[in-house]
Amino acid sequence: NKDSLSINNQGGVLNYILDINKPLDLEVNSKKISELDPIYMKADIINDNGKVIDYNNLKLGNKLFMKVTIKSNKKIENVAVNIQIPAGLEIINPRLYKSNSQKFKNIDYSPDYEDYRDDRVLSYLTTTKKKKIFYIPLIATTRGIFTYPASYIEVMYDSRINSYYKPSKKIIIK
């Protein structure tokens, strides 16, 4: 059977296997997110005034910010946060461009490691009951209709503790 997996332990040592196979989009669209979950994240795109944008009515050249909120019900170390940016938007790396990136002040956010890539920002940190909020500066660079990817947070050594966030199915840049 092509959908089966066989493991034969011949070493005499107990092995643990955690197999998580799930379609992310189905779970994201049906999962109710709550700040009472073991780990919680929210990532909305806001304008210069701090208001959540209309995802169906962006203009080319709009300067925006991804507001990311993270919280857990206890201190959790080794947490990976993967904030995916929709195509059509570009990250303005605050390490390279200081001018517009400090519009909003990060709150209680000090990652152990942070990696800015073309289509996402990866952060590795410790969460607590106290909310952590950070901002990613963006600019609308391409006209079109784009799929909005889910962002997610999970504990690196126990992926059962996770959360996903997807505020819209698509964005439209005119």
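See above for the structure.
Numbering of residues starts from 1 in every chain and runs along the sequence as written. Only residues with pLDDT of at least 70 are given local features in this predicted model, and only at 80 or more are side-chain atom pairs given and counted; all residues enter the totals for whole chains, interfaces and linings. Think of the side-chain values as coming from all heavy atoms in the structure, minus any hydrogens and water.

Structural notes on the overall build of the protein
Counting its secondary structure elements, the protein contains one helix and 11 strands. Helix and strand assignments come from DSSP, with helices taken as H or I runs of at least 4 residues and strands as E runs of at least 2, each series counted from the N terminus. Along the chain direction, N to C, the helices and strands of the protein fall in the order α-β-β-β-β-β-β-β-β-β-β-β. Note on classification: 1.4 Å probe, protein chains only; a residue is buried when its accessible area is under 20% of the maximum for its type, exposed when over 50%, partly exposed between these limits. Taken over 174 residues, the protein has a buried fraction of 41%. Note on contacts: a residue pair is in contact if any heavy atoms of the two residues lie within 4.5 Å. Counted over contacts in the protein with a minimum sequence separation of 6, partners at least 24 positions apart contribute 76%. Here the protein displays about 10700 Å² of accessible surface, and carbon together with sulfur accounts for 47% of that area. Areas reported as accessible are Shrake-Rupley estimates using a 1.4 Å probe. Residue values count occlusion only from the protein chains shown.

Digging into the sheet that holds strand S5 (residues 113-116)
What makes two strands pair is DSSP finding at least two bridges between them. With antiparallel pairing, the five strands of this open sheet are ordered in space as S5-S6-S3-S9-S10. Two strands in the sheet have a free side with no partner beyond their single neighbour: S5 and strand S10 (158-165). Between one strand axis and the next, the sheet turns by 15° as a mean value, whatever way the strands run. Here strand S9 (residues 151-155) runs beside S10; their pairing, made up of five bridges, is antiparallel. By the bridge assignment for S10, valine 155 is matched with aspartate 158. Angles here are taken between N-to-C directions and fall from 0 to 180 degrees, while the axes themselves are lines fitted to C-alpha atoms, restricted in helices to the stretch in contact.

Notes on unusual backbone geometry
Backbone geometry places asparagine 78, a non-glycine residue, at a positive phi of 60°. With respect to the secondary-structure elements, asparagine 78 resides in strand S3 (residues 76-84). Note on asparagine 78: relative accessible area 34%, which makes it partly exposed.

Things to note about the sheet that holds strand S1 (residues 39-46)
With antiparallel pairing, four strands are arranged side by side in an open sheet as S1-S2-S7-S4. The open sheet has two edge strands, S1 and strand S4 (89-91), and neither has a second partner. Averaged over all pairs of adjacent strands, the angle between their axes in this sheet comes to 30°, without regard to strand direction. Inspection of the sheet shows S1 paired to strand S2 (residues 63-72) by eight bridges, in the antiparallel sense. Paired with isoleucine 45 across the strands is methionine 66, a residue of S2.

Side note on the nonpolar core
Think of a nonpolar core as a cluster: buried Ala, Val, Leu, Ile, Met, Phe, Trp, Tyr and Cys residues, connected wherever their side-chain atoms sit within 4.5 Å. Grouped together as the largest cluster of nonpolar side chains are 33 residues, with contacts concentrated most on Ile45, Met66, Val68, Ile83, Leu89, Ile136 and Leu138. Within the residue set of this core, elements represented by two or more residues are S1, S2, S3, S4, strand S6 (120-127), strand S7 (132-140), S9 and strand S11 (170-173). Ignoring any residue separated from it by four or fewer positions in sequence, one finds leucine 89 in contact with Ile45, Leu58, Leu64, Leu138, Ile139, Ala140, Thr141, Ile171 and Ile173.

Examining the environment of asparagine 56
By secondary structure assignment, the location of asparagine 56 is in the loop between S1 and S2. Residues asparagine 56 and serine 168, 112 residues apart in the sequence, show an inter-C-alpha distance of 9.2 Å. Leaving out residues up to four positions away in the same chain, asparagine 56 has contacts with Lys170, Ile172 and Lys174.

Comments concerning the pairing of S9
Of the two faces of S9, only one is covered, namely that formed by Ser151, Ile153 and Val155; the face formed by Tyr152 and Glu154 stays uncovered. As paired elements, S3 and S9 share four bridges and run antiparallel to each other. Bridge pairing links valine 79 to valine 155 in S9. Counting the residues between successive antiparallel strands, the hairpin from S9 to S10 contains two residues.

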